[in-house]
Amino acid sequence: MMNSLLRSRLYLSGLIFGGLLVLTGCVAPPPAAPPPKYDPAGFAPLRVDARKLEIIENWQMPMEPPFIEHTLTPDLSSMVVDWAKYVLVPIGGSGEVVLDIAQASVQITDLPQGTALLDVFSDQQESKIRVDIAAKLMWIQPVAGKQGIVDVNAATTRTLSESSTPNDRQIAVREVMLEAVRLLDIEARQKVTTIADMIRP
């Protein structure tokens, strides 16, 4: 009788323990998704009639709020540099193409919060991410006596809600940076068509 009772208790304990394990597994949060990767090799190259590419990074990171690019890896300026190396491909025997980066900033600013009753109980937009890229693209071809200069700029924003987690914020920042580089690529391709003979087929 005692053995039977002991076995029953052990069996019941096992069921309870197993049930707790199942419940724990069900409520465990999924692992946080990493920010999207940046792969400049995904941009199609432009064949530039020049012998070399020079990149000048003139943007000095403010290193204080609301700017956050100094906390990011890779930072926005490095992403623009990598874009230029993959896209602006020198194939000529003389001349040079120069990308002068004047700004490559990432900012996060607070947004004003509503104080009405409905606002207090809603998931308000708490902050805004803003990414700005400003650069000059210069082409000098001394043999043919040709040159050109264009401004290439890109800017984009996104807001973050109060309920956003730190991981949500990291992902959003990276996505906005990627979007800005994509817009820079579109802008550069449009602008270089205004400079005769800069791009070879």
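Residues numbered from 1 in each chain as written. Predicted model: local features only at pLDDT ≥ 70, side-chain atom pairs only at ≥ 80, totals over all residues. Heavy atoms only, no water.

Novice: Help me out: how do you make sense of the pairing of strand 6 (residues 146-161) in this one?
Specialist: Taken together, the 16 bridges between strand 5 (residues 125-141) and strand 6 define a ladder with antiparallel strand orientation. Each residue of the ladder has a partner; that of Ile140, found in strand 6, is Gln147. Linking two consecutive strands that pair antiparallel, namely strand 5 and strand 6, is a turn of four residues; a positive phi of about 65° is found at Gly145 within it. (Pairing = 2+ DSSP bridges. Helix = DSSP H or I, 4+ residues; strand = E, 2+ residues; numbered from the N terminus.)

Novice: Explanation requested: the pattern of salt bridges in the structure shown.
Specialist: Where charged atoms from two side chains of opposite charge come close, those side chains can pair. Tallied over the full model, the rule gives eight salt bridges. The closest approach of N and O atoms between Arg130 and Asp132, which form a salt bridge, is 2.8 Å. Arg130 gets classed as partly exposed once you look at its relative accessible area, which sits at 34%. (Salt bridge = Lys/Arg side-chain N within 4 Å of Asp/Glu carboxyl O. Buried < 20%, exposed > 50% of the residue type's maximum accessible area, 1.4 Å probe, protein only.)

Novice: Sorry if this is basic, but what is going on with the nonpolar core here?
Specialist: Counting residues in hydrophobic clusters, the biggest one holds 43 residues, and the most contacted among them are Trp83, Leu99 and Ile129. Secondary structure elements with two or more residues in this core: strand 1 (46-48), helix 2 (76-87), strand 4 (96-110), strand 5, strand 6 and helix 4 (166-192). No other element matches helix 4, which puts nine residues into this core. Dropping the residues within four chain positions of it, Trp83 is found in contact with Tyr38, Pro40, Phe43, Leu88, Leu99, Val181, Leu184, Asp185 and Ala188. (Core = buried A, V, L, I, M, F, W, Y, C linked by side-chain atoms within 4.5 Å. Contact = heavy atoms within 4.5 Å.)

Novice: Where do I start with the layout of surface pockets in this structure?
Specialist: If you roll a probe as big as a water molecule over the atoms, it shows you where there is empty space left. Each pocket or cavity is described by its volume, and for the largest pocket that value is around 220 Å³. Pro35, Ile68, Thr71, Leu72, Thr73, Pro74, Pro166, Arg169, Gln170, Val173, Arg174 and Met177 together form the lining of the largest pocket. Counted by class, the lining of the largest pocket contains seven nonpolar, three polar and two charged residues. (1 Å grid on protein atoms, 1.4 Å probe; cavity = no way out; pocket = protein on both sides within 12 Å on 5 of 7 lines; lining within 4 Å. Points joined across faces, edges and corners; volume = space filled by probe spheres on them. Nonpolar A, V, L, I, M, F, W, Y, C, P; charged D, E, K, R; others polar.)

Novice: Would you explain the packing of aromatic side chains in this entry?
Specialist: A complete count under the given rule lists one aromatic pair for this structure. Aromatic pair Trp59 and Phe67: ring centres 6.3 Å apart, planes at 55°, arrangement tilted. With relative accessibility at 18%, the residue Phe67 sits in the buried group. (Phe/Tyr/Trp six-rings, centres within 6.5 Å; stacked < 30°, edge-to-face > 60°.)

Novice: Sorry if this is basic, but what is going on with the sheet that holds strand 2 (residues 52-57) here?
Specialist: The pairing of strands in a sheet happens through backbone hydrogen bonds and is either parallel or antiparallel. A sheet is described by the order of its strands in space; here four strands give the open sequence 2-4-5-6, paired in mixed fashion. On the outer flanks of this sheet lie strand 2 and strand 6, each paired with one strand and no other. When the angles between neighbouring strand axes are averaged without regard to direction, this sheet yields 15°. In this sheet, strand 5 lies alongside strand 4 in antiparallel orientation, the contact comprising 14 bridges. When the bridges of strand 5 are listed, Val98 appears paired with Met138. Contacts from helix 2 reach strand 2, strand 4 and strand 5 within the one sheet, and its direction differs from that of strand 4 by about 150°. (Axes fitted to C-alpha atoms, helices over the stretch in contact; angles between N-to-C directions.)

Novice: What am I meant to see in the side chain of Ser161 here?
Specialist: As for its position among the elements, Ser161 is in strand 6. The exposure class assigned to Ser161 is buried, which follows from its relative accessible area of 15%. Within the structure, the side chain of Ser161 is placed 3.2 Å from the side chain of Ser163, a separation counted as a polar contact. (Polar contact = N/O pair within 3.5 Å; in protein donor to acceptor, adjacent residues only side chain to side chain.)

In short, shape yes, function no, at least from these values alone.
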